[in-house]
Amino acid sequence: MAEAIAEIISALLIRLRDPGGASTSRALAMDILDRSQQYYNESLRLKLTSTTFATLPWVQLYPLTSDLGLLSVSHVTHQNRDLFHVTMQDLHSLDRKWHRASGARYECFVPLGFTHFILWPARPVTDSVTLIGPTKTSALTSETQTLELSQERTPLLMQLTELILLNRLQDDAAFNVVMQNFVKFLPQEMLQESRSPARA
């Protein structure tokens, strides 16, 4: 059974040598833990969401709105085909007038950070694609909630949160100790995830 946020925050404050929350409030610790969970999931794509997205005629640039439930776009399919994931530089190399191009089907997509993405080329009709990306985890608003990622992810999330809070407290000695452990563990984590399907 997953630990309640209250237990995780209490453990974090003990590790910060501030169990009473004098320098770091429980609300702040929960906020940083919430952001760490989203960052961790976005980086390693542990929990993914798939959604149908309606496209417009002659439009290439689309906003990544919050109602889609995605932190970013990592994969797109159209007419049972996987679109190529390219960069703006790639797109410019393919077609210097890419922004005017149209075609019978989409060929590639370009993620633009966490706010927009491009589908290329534009289509002259309304259509739809399937967007796949890391899930935007629910905001932590109560200490009775649990983390959405699996319990085996909790130690790294706690370390990431602890690093951010130690940096805020300017505790360099403790920060360096935690960072050494974090750096040793993270490459293994990323290597394992790159070889296996994403999971929660």
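In short, a report on the structure. Here the structure is a predicted model, which means the values were calculated and not measured.

Moving on, we get to the overall build of the chain. The secondary structure content of the chain amounts to five helices and eight strands. Counted from the first residue to the last, the chain has its helices and strands arranged as α-α-β-β-β-β-β-α-β-β-β-α-α. The proportion of buried residues among the 200 residues of the chain is 41%. On the chain, roughly 11100 Å² of surface is accessible, and the fraction owed to carbon and sulfur atoms is 55%. Placing the 18 positive and 20 negative side-chain charges of the chain at their respective mean positions leaves the two points 7 Å apart.

As paired elements, strand β3 (residues 75-78) and strand β8 (residues 127-134) share three bridges and run antiparallel to each other. Residue pairing across strands places His75 opposite Ile132, the latter belonging to β8. With two bridges joining them, β3 and strand β4 (residues 81-82) adopt antiparallel strand pairing. When the sheet's bridge partners are listed, Thr77 is paired in β4 with Asp82. If you look at the hairpin formed by β3 and β4, you'll find two residues sitting between the two strands, and Gln79 has a positive phi there, around 50 degrees.

Moving on to helix α2 (residues 26-44). An ideal rise of 1.5 Å per residue puts 27 Å on 19 residues; α2 measures up with 27 Å between its terminal C-alpha atoms. Looking only at α2, the buried set comprises Ala29, Met30, Ile32, Leu33, Asp34, Ser36, Gln37, Gln38, Tyr40, Asn41, Glu42 and Leu44. Two residues or fewer past α2, Arg45 is found with a positive phi of approximately 50 degrees.

A side chain with one charge can pair with a side chain of the opposite charge if their charged atoms come near. Summed over the entire model, instances satisfying the criterion amount to ten salt bridges. As a salt-bridge pair, Arg35 and Asp31 come within 3.0 Å of each other at their nearest N and O atoms. In this pair, Arg35 and Asp31 are both assigned in helix α2, four residues apart and thus about one turn of the helix distant. Across the salt bridge formed by Glu107 and Arg105, the nearest N and O atoms sit 3.0 Å from each other. A relative accessible area of 24% places Glu107 in the partly exposed class. Classification of Arg105 by relative accessible area gives partly exposed; the value is 37%.

All right, on to the sheet that holds strand β7 (residues 116-120) then. If you trace the four strands from one edge of the open sheet to the other, you get β2-β7-β6-β5, paired in mixed fashion. Edge strands, defined here as strands with exactly one partner in the open sheet, are β2 (61-63) and β5 (84-85). Bridge count between strand β6 (residues 108-112) and β7: five bridges; the pairing is antiparallel. Of the residues in β7, the one forming a bridge with Pro111 is Phe117.

It is worth spelling out the sheet that holds β8 at this point. An order of β1-β8-β3-β4 is seen for the four strands of this open sheet, with the pairing classed as antiparallel. Looking at strand neighbours, the two that pair on one side only are β1 (48-55) and β4, the edges of this open sheet.

As a further point, take the environment of Arg105. Among the structural elements, Arg105 can be located in the loop between α3 (88-94) and β6. Residues contacting Arg105, with those up to four places away along its chain left out, are His78, Gln79, Arg81, Pro121 and Arg123. Reaching out from Arg105, the side chain makes a polar contact with the side chain of Glu107 at a distance of 3.0 Å.

Among soluble globular proteins, nonpolar side chains are generally buried collectively. Formed by 26 residues in total, the largest nonpolar core has its most connected members in Ile5, Leu33, Tyr40 and Leu147. Going through the elements one at a time, α1 (5-15), α2, α4 (154-169) and α5 (172-195) are the ones with two or more residues in this core. For this core, the leading source of residues is α4, giving seven residues. The residues touching Ile5, leaving out its near neighbours within four places in the chain, are Met30, Leu33, Leu140, Ser142, Glu143, Gln145, Thr146 and Leu147. Among the nonpolar cores identified, the runner-up in size contains 14 residues, and Phe53, Tyr62, Leu83 and Leu119 belong to it.

Each value, and the rule that gives it
- Residues numbered from 1 in each chain as written.
- Predicted model: local features only at pLDDT ≥ 70, side-chain atom pairs only at ≥ 80, totals over all residues.
- Heavy atoms only, no water.
- Helix = DSSP H or I, 4+ residues; strand = E, 2+ residues; numbered from the N terminus.
- Buried < 20%, exposed > 50% of the residue type's maximum accessible area, 1.4 Å probe, protein only.
- Areas by Shrake-Rupley, 256 points an atom, 1.4 Å probe, with all protein chains shown as cover.
- Lys, Arg positive; Asp, Glu negative; His and termini not counted.
- Charge placed at Lys NZ, Arg CZ, Asp CG, Glu CD.
- Pairing = 2+ DSSP bridges.
- Expected span 1.5 Å × (residues − 1).
- Salt bridge = Lys/Arg side-chain N within 4 Å of Asp/Glu carboxyl O.
- Contact = heavy atoms within 4.5 Å.
- Polar contact = N/O pair within 3.5 Å; in protein donor to acceptor, adjacent residues only side chain to side chain.
- Core = buried A, V, L, I, M, F, W, Y, C linked by side-chain atoms within 4.5 Å.

So, to be careful, I would describe these as geometric facts and stop short of saying anything about function.
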